[in-house]
Structure formats: structure tokens, C-alpha cells
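Architecture and fold: a report
For reference, the chains in residue letters:
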Amino acid sequence: MKKLLSVAGVALLTVLAAVFAFGQPAHAAAGFSVAGGRLYDANGTEFVMRGVNHAHTWYPQQTTSFANIKALGANTVRVVLASGDRWAKNSAADVTNVISLCKANRLICVLEVHDTTGYGEQSGAIALDRAVDYWLSIAGALQGQEKYVIVNIGNEPYGNQGYGTWATDTANAIKRLRAGGLTHTIMVDAPNWGQDWSFTMRDNAGSVFAADPQKNTVFSIHMYGVFDTAAEITDYLGRFRTAGLPIVVGEFGFNHSDGNPDEDTILAYSQANGIGYLGWSWSGNGGGVEYLDMVTNFDPNQLTTWGQRIFNGANGIRATAREASVYAGTSPSPTTSPTTSPTASPSPTTSPTTSPTTAPPPGGCTASYTIVNSWQGGFQGEVRVTAGAAAITGWTARWTFANGQTVSQSWNATVSGSGSAYTARNVDWNGRLGAGASTSFGFIGSWNGSNPIPAVTCAAS
């Protein structure tokens, strides 16, 4: 989004039929890595971003924002930095402090250079190559932080003019960062002020991914007025999922001067398909888009309409964010209990509890059921499916609740219920498991009286 700037006209969205396909090898790294179109943290646990953007470079004094963002449930913060070309440069020391604030608050830091915004159309904007110069100049602040930091090369690196070289320029920028010693997961933004109405990123993502020697690149789409229908959102994100390429919604809002984005579909589709999202933005917006502030005057006790929606609404941050496992050294847990209340977070009433498992037969699978967190009347559950001594191509987990519990929403599986009996089937990306490999899915449920752990069966295909 063109923060603090006027909004340029957006060309009409056209429908292109090209669908790309690209297979990635797994990447072993000291920090985040990408495999099969998914992002994994340094423990090998899948990580799905749930967070917000914070305009640090314009409001460097607002350091309490990191703790406040975390307290509302986020697991990630995308931090606006400047290379010194359009705004005052964020020094290596300042970036080191930003990273320390992220780590102190158990947040993953996505760091981005904002000076590239609208290059080719916006006066003063810089090319991606210049952004790479900045990253390499502060490499000492980044190296050793691969477990906690993702490098977003440049924000919205082209406007609506001259974006035809996006793929070549982006690939070259990635290769320069790698040659300069940065092994972090790299995030790249789309052209067209981030909204890719020309489908330039969509149709060239495979070649850009292949250009990364480490195959450790994530693509970021910004969703504002171009994405005002469910069909446009699901088609765009779905093509990346089909191609096995990692995609996140790096910015989006609930309203905008260039149109009315369908934030409900963005949130719901992202949750159903394990896609990260980062809303714009915490506070401090100007230039006519002040309505995109999530809190008023950086005060977490003054949530705006947009803040209420993204933090407390359906498929929002409170209900779906899970802390990166690198902060616990174990499987991730929710940062807060899901709730629709804007002021009070429910207190846990039970400790995490897991059902027993037995060794699967060759070619089979087992499943274990865990109550990750519980509060009065509700809980978050997780089922982990593990293949046996041979690889499987699909799985189905089944359980029956004994005390009237119900499931209201789920992710990373297709869950259906008939009375007290529930069935969960793999989605297209997590059905194939190697021998001994595991995957998991989660859900939000309700209970009344007691919430005993059900036995779960698993059948492989």
C-alpha cells in the first residue's frame, strides 16, 4: 500500500489462464526454510504468519508496540525500515534493537525496506538493487538471527509502470543477497503497488524461486482494492498452493481508497489453507488512510473497527495465531486463547492433554489428539497424524466425542461431523507422508461440563 502517499489508479484486472508448476527440494538451514510450498521454522515445525505491520521507521519511539502487538495474540510483526534514500536510514544498531524487541516478545521479525515503494512510478523510489545494498550494509545485524528474522527485500517494488523487469530484478536481488552471505528466508513483494493485477509475480514466481540457490524464498501479495471479490482472492492464492510455491498476504486492509477488499475471504481462505497474513497496520497511518490504524494513537486499549476485526473476529489473529516453536524449543502453542471479546482473554482451565497412540502397522498411520488450550466453554485441539513403517499417500482420522463437544472451525484438514462422530481427511498438500513422518491439523471446539480426550483412529491410503 502507498502509505503516506496518494493512491495511483489501478488498471482493470484481467483473467489469465496460465498455471505454473514447480517442485522444490527441501532446504536445510539454521533458521527458517521452505519446502513443498510451506514455511518451516528452525525446529522443522510449520509456521504460519499471523500478525501486523508496524511503521517503525516513521515512529521509532514506539518501541512498546512490539509487546502490545504480541499481547493481542500476534506471532509475527512486519517492520518498516528505510535505506536512507527516501526516509532516514535505520542503522545496524537500530535493526539489532528491533530484532531484540521481537525476540523479547516472542515474535518473528519480517524486516522490509520501504524506500522501493512504487519504483518506476513514484518519485524518489529506489530499485531493488539499491535495497540489496542496504541489506548487505547491515548484514552483521542480521547474521546469526536466521531463526527469528525473515528478510523482505523491498516493499511494493514497482508501481504500475516499468514492472516488466520484476522477475529478472527480483531474481538478481536474491542472488546478490545469497552471495553476500545472507541465508535467511527471503520474502519478495509483487509489483503494481504490491497487488500484482498484471499477474507478473504470479506467472513468474516459479522462475524466481528457482533462481534462489537455497530455494528459500516466500512470495508476498498485498490485497487492497484489486482483491474485492472472493473469486479473485481464492484464485490468486490457490494458484500458488497448486504450484507448490509459498505465498503470504503481506499486507491487506478492510477498506481502501482504491476499492473495498474482501477481508473476510482473505482471513477465511488463509486460515483454511495454512497461508500467512499480516494486516496493515498497527497505528500511525496518514495521507487519507487513517482508517487502516488497528489501534488509535498506538494505544492497545483503543482498538478500531479494523483492529477489532483482525484481532478478535472470525479467523482472526487471536483465534488462529500460534507462536513459533523456536521460542519454546517444542511444538508451538497459541499465543492467546481464541475469543471474540475485545477486552478480555479467557483463562485456561485445563492443561494440554494428549491421547495415547500405538505403533502403526506398515503402510498405516496413527493419530494423537491434544487439547492445546482450553477456556470456559471452548478449547483449541490438535491432531497429529504419523505414518507407519511405509510411506502413505493420504489419511483419515476419526473420533467420537463423549460429552457433546462440537467443532466450529478447523485448519489443515477437511473436518466433518455427524452427531458426536467426527472425520478429518487430509488436504491436498499434507496427505503424502514418508515413513515415520508426521503432520498435524487443528480446530476450535466448544464444550460444556467436561472435555475428555477421545480416542482417535487413523486409516491410511
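Let us look at the structure shown here. (Residues numbered from 1 in each chain as written. Predicted model: local features only at pLDDT ≥ 70, side-chain atom pairs only at ≥ 80, totals over all residues. Heavy atoms only, no water.)

1. Quick word on the pattern of salt bridges
Enumeration according to the criterion identifies 16 salt bridges in this entry. One salt-bridge network, held together by shared partners, links Asp 85, Asp 129, Arg 130, Asp 133 and Arg 176. (Salt bridge = Lys/Arg side-chain N within 4 Å of Asp/Glu carboxyl O.)

2. So, the packing of aromatic side chains
For the coordinates displayed, the defined rule picks out 26 aromatic pairs. On the numbers, 6.3 Å between centres and 25 degrees between planes, the contact of Trp 399 with Phe 441 is stacked. Residue Trp 399 is found in strand E14 (residues 395–400), and its partner Phe 441 is found in strand E18 (residues 438–446); the two are separated by 42 residues along the sequence. In this structure Trp 399 comes out as buried when scored by relative accessible area, which is 2%. For the ring pair Trp 399 and Phe 443, a centre distance of 5.7 Å and an interplane angle of 20 degrees mean the geometry is stacked. Placement of the pair is Trp 399 in strand E14 and Phe 443 in strand E18, with a sequence separation of 44 residues. (Phe/Tyr/Trp six-rings, centres within 6.5 Å; stacked < 30°, edge-to-face > 60°. Helix = DSSP H or I, 4+ residues; strand = E, 2+ residues; numbered from the N terminus. Buried < 20%, exposed > 50% of the residue type's maximum accessible area, 1.4 Å probe, protein only.)

3. So, the environment of Gly 162
Here Gly 162 shows up in the loop between strand E6 (149–152) and helix H5 (166–179). With relative accessibility at 55%, the residue Gly 162 sits in the exposed group. In sequence terms Gly 162 and Pro 191 are 29 residues apart; their C-alpha atoms lie 9.4 Å from each other.

4. Points about the packing of helix H6 (residues 200–211) against helix H7 (residues 230–243)
One can describe the packing of H6 onto H7 by two numbers: an axis separation of 11 Å at closest approach and a directional angle of 5 degrees. If you check the angle between H6 and H7, you find them roughly parallel. Only Asp 235, Tyr 236, Arg 239 and Phe 240 of H7 make contact with H6, whose side of the interface consists of Met 201, Arg 202 and Ala 205. In the contact of H6 with H7, the residues fall into 4 nonpolar, no polar and 3 charged. (Axes fitted to C-alpha atoms, helices over the stretch in contact; angles between N-to-C directions. Parallel < 35°, antiparallel > 145°, perpendicular 65-115°, else oblique. Contact = heavy atoms within 4.5 Å. Nonpolar A, V, L, I, M, F, W, Y, C, P; charged D, E, K, R; others polar.)

5. Considering the sheet that holds strand E10 (residues 276–279)
The strand order around the closed barrel built from 8 strands is E3-E4-E5-E6-E7-E8-E9-E10, with neighbouring strands paired in parallel fashion. When the angles between neighbouring strand axes are averaged without regard to direction, this sheet yields 25 degrees. Sheet analysis places strand E9 (residues 247–252) next to E10, joined by 2 bridges and oriented parallel. Bridge pairing in E10 places Val 249 opposite Tyr 277. Where helix H3 (residues 128–137) meets the sheet, its contacts fall on strand E4 (76–81), strand E5 (108–113) and E6, and the angle it forms with E5 comes to roughly 130 degrees. This element, helix H8 (residues 263–272), spans strand E3 (50–54), strand E8 (217–223), E9 and E10 of the sheet and lies at about 155 degrees to E9. (Pairing = 2+ DSSP bridges.)

6. Quick look at the side chain of Thr 170
With respect to the helices and strands, the residue Thr 170 is situated in helix H5. Each residue touching Thr 170, except ones within four places of it in the same chain, is listed here: Leu 128, Val 188 and Val 208.

7. Comments concerning the sheet that holds strand E19 (residues 456–460)
Read across the open sheet, the 4 strands follow the order E16-E17-E14-E19; overall the sheet is antiparallel. On the outer flanks of this sheet lie strand E16 (414–418) and E19, each paired with one strand and no other. When strand polarity is set aside, the average angle formed by the axes of neighbouring strands in this sheet is 20 degrees. Where E14 and strand E17 (residues 421–425) come together, 5 bridges link them in antiparallel fashion. Residue pairing for E17: Thr 400 is matched across the bridge by Ala 421.

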